Amino acid sequence: MIRIAAVGDIHMGPDSRGVLRPAFETLHECADLLLLAGDLTRHGTPEEARVVADEVAGLPVPVIAVLGNHDHQDERPEEVTAVLREAGVTVLEGEGTVVDVDGTAVGVAGTKGFGGGFAGRSGSEFGERVMKDFMRHSRHCAEGLRTSLEELRDQGCAVRVALTHFSPVPDTLAGEPLEIYPFLGSYLLAEAVDTAGADLFVHGHAHAGTERGLTSGGVRVRNVAQPVIRRAFAVYHLEPGADRRRNADALAEASR
Amino acid sequence: MTDRENRRTDPAEGAVAIEYRIGHLQERLVHEEIAEQGMRIEARGDTVVVTGTAPTTECRETIERVVREELAGVPVRTDIVVADSTAPDRSEELA
Ligand SMILES: [Fe+2]
Ligand SMILES: [Fe+2]
């Protein structure tokens, strides 16, 4: 069994130093790795990133993160990334990483992701330059997620997790005003994960949303924004190979 | 203008003003030092209700101060909780 701890939207600043550390220090008892689903800071300054870095430095489990929109506010995502990496955090953007958990290869594919909206109600790469740029960025993030999940499959990972900040499905946005859904996620992320396959999809960003959702392809989605999970982190238990078994069942069902 | 006409037009003007003031409040919360985007700000009748989760008590105080400043003269109710940073006591099985 693989135990995955995850939290997003911790929005740390100088006044939150040390707030999460006591809970994080219990991670070795209940989890094999910690995923951070973006919006780790408020403005994406290196100073705020240092607060986050100190909070997770030297933890007994691997820490894997993606950035969120807040971590881009100061337009220095490379510096934020560098500060986190110095503290031993693996920061992903359109790439994957493999963690060995007692001999089981656990792959995590990560991207910030972006908005645009959900199937049938999504923006398009059409019209003004800024609109094209907006949707192109969303598509680019989703493509990075798909290719990195495929790479993790080819590397023989027994468990694969998709990690983003923006949401792949509207399910986990329930509680947010409908009017802002296009700013909260994109169906392109769900399509990417349904194409490449994964055991779990973890995201944040929707503070007023709900924890549980499902892609059309049957991948479990969890919104781990801290205001949603109301804890320092959530823990999910996964059985290696469950994704393959589910796919085999679906194929058998379809061919019947 | 008669009194009756005054009564007819004033509430409408008030409603429009509150709508824009909520817009300005939302902008200010984002650009203030707390960069807060997660508050739900809604007009209910002539009262404005602000709900959401703040990362720390300091952030909550800042949000409440900005709300009071920006909506001075408007009846306001806030229900802002601070994020819970305790370790979880359970996990979810996703077999
Ligand atoms: Fe957030
Ligand atoms: Fe966000």
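Look up a bit, the structure's there.
Okay, so let's go over this structure.

## Focus on the coordination of the iron ion (ligand 2)
Residues and elements named next belong to chain A.
And step 1. Protein coordination of the iron ion (ligand 2) is provided by Asp39 (OD), Asn69 (OD1), His165 (NE2) and His205 (ND1), with donor distances spanning 2.1 to 2.2 Å.
And step 2. Along the chain, the residues donating to the iron ion (ligand 2) fall in the pattern D-x29-N-x95-H-x39-H.
And step 3. Between the two metal centres, the iron ion (ligand 2) and the iron ion (ligand 1), the spacing is 3.4 Å, with aspartate 39 acting as a shared donor. One end of the pair, aspartate 39, is in the loop between β2 (33-37) and α3 (46-56); the other, asparagine 69, is in the loop between β3 (63-66) and α4 (77-86), with 30 residues separating them in the sequence.

## Side note on the coordination of the iron ion (ligand 1)
Reference values for coordination geometry: four tetrahedral donors around a metal ideally subtend 109.5 degrees, six octahedral donors ideally subtend 90 or 180 degrees.
Residues and elements named next belong to chain A.
And step 1. All of the protein donors around the iron ion (ligand 1) are Asp9 (OD), His11 (NE2), Asp39 (OD) and His207 (NE2); their distances to the metal are 2.0 to 2.3 Å.
And step 2. Between the four donor atoms coordinating the iron ion (ligand 1), the angles at the centre fall across 87 to 169°, so the site counts as irregular.
And step 3. Between the donor residues of the iron ion (ligand 1), the gaps in sequence give the motif D-x1-H-x27-D-x167-H.

## Observations concerning the pattern of salt bridges
And step 1. The final tally for this structure, using the stated rule, is 24 salt bridges over all chains.
And step 2. When the shortest N-O distance is used, the salt bridge between Glu125(A) and Arg139(A) registers 2.6 Å. Pair noted here: Glu125(A) is in the loop between β6 (104-110) and α5 (129-154) and Arg139(A) is in helix α5, with a separation of 14 residues, a long-range link.
And step 3. The exposure class of Glu125(A) is partly exposed, given its relative accessible area of 31%.
And step 4. Between Arg212(A) and Glu92(B) there is a salt bridge, with its nearest N and O atoms 2.7 Å apart. On the criterion of chain membership, the pair formed by Arg212(A) in strand β9 (residues 212-214) and Glu92(B) in strand β4 (residues 92-93) is interchain, its members lying in two chains.
And step 5. Its relative accessible area of 15% is what places Glu92(B) among the buried residues.
And step 6. In the salt-bridge network here, residues are joined through shared partners; they are Arg28(B), Glu32(B), Glu33(B), Arg65(B), Glu69(B) and Glu70(B).

## Side note on the sheet that holds strand β4 (residues 90-91) of chain A
And step 1. The mixed open sheet is built from six strands, whose spatial order is β4(A)-β3(A)-β2(A)-β1(A)-β11(A)-β4(B). Only two strands of the sheet have a single partner each, and these edge strands are β4 of chain A together with β4 of chain B.
And step 2. Relative to β4(B), strand β11 (residues 234-238) of chain A runs parallel, the two sharing two bridges. Each residue of the ladder has a partner; that of Tyr236(A), found in β4(B), is Glu92(B).

## Focus on the nonpolar core
Nonpolar side chains in soluble globular proteins generally cluster together in the buried interior.
Residues and elements named next belong to chain A.
And step 1. Of all hydrophobic cores here, the largest spans 54 residues; its most connected members are Leu34 and Leu35.
And step 2. Non-local contacts of leucine 35, meaning those with residues more than four positions away in its chain, are made with Ile4, Ala5, Ala6, Val7, Ile64, Val108, Val161, Leu163 and Val202.
And step 3. Counting 20 residues, the second-largest nonpolar core is a separate cluster that includes Ala109, Phe114, Leu188 and Ala192.

## Notes on the packing of aromatic side chains
All names here are of chain A.
And step 1. Summed over the entire model, instances satisfying the criterion amount to four aromatic pairs over all chains.
And step 2. Taking 4.6 Å as the distance between ring centres and 50° as the angle between the ring planes, the aromatic pair formed by phenylalanine 114 and phenylalanine 134 counts as tilted. Linking phenylalanine 114 in the loop between β6 and α5 with phenylalanine 134 in helix α5, this pair joins segments that are 20 residues apart in sequence.
And step 3. By relative accessible area, which is 18% here, phenylalanine 114 ends up buried.
And step 4. Through a chain of ring-to-ring contacts, three or more aromatic side chains come together here, namely Phe114, Phe134 and Phe166.

What counts as what
Residues numbered from 1 in each chain as written. Chains lettered and ligands numbered in written order. Predicted model: local features only at pLDDT ≥ 70, side-chain atom pairs only at ≥ 80, totals over all residues. Heavy atoms only, no water. Donors = N, O, S within 2.8 Å, 3.2 Å for Na, K, Ca; no water. Helix = DSSP H or I, 4+ residues; strand = E, 2+ residues; numbered from the N terminus. Tetrahedral: all angles 85-135°; square planar, octahedral: opposite > 155°, others 65-115°. Salt bridge = Lys/Arg side-chain N within 4 Å of Asp/Glu carboxyl O. Buried < 20%, exposed > 50% of the residue type's maximum accessible area, 1.4 Å probe, protein only. Pairing = 2+ DSSP bridges. Core = buried A, V, L, I, M, F, W, Y, C linked by side-chain atoms within 4.5 Å. Contact = heavy atoms within 4.5 Å. Phe/Tyr/Trp six-rings, centres within 6.5 Å; stacked < 30°, edge-to-face > 60°.

Such coordinate-based values are descriptive only and should not be taken to indicate function.
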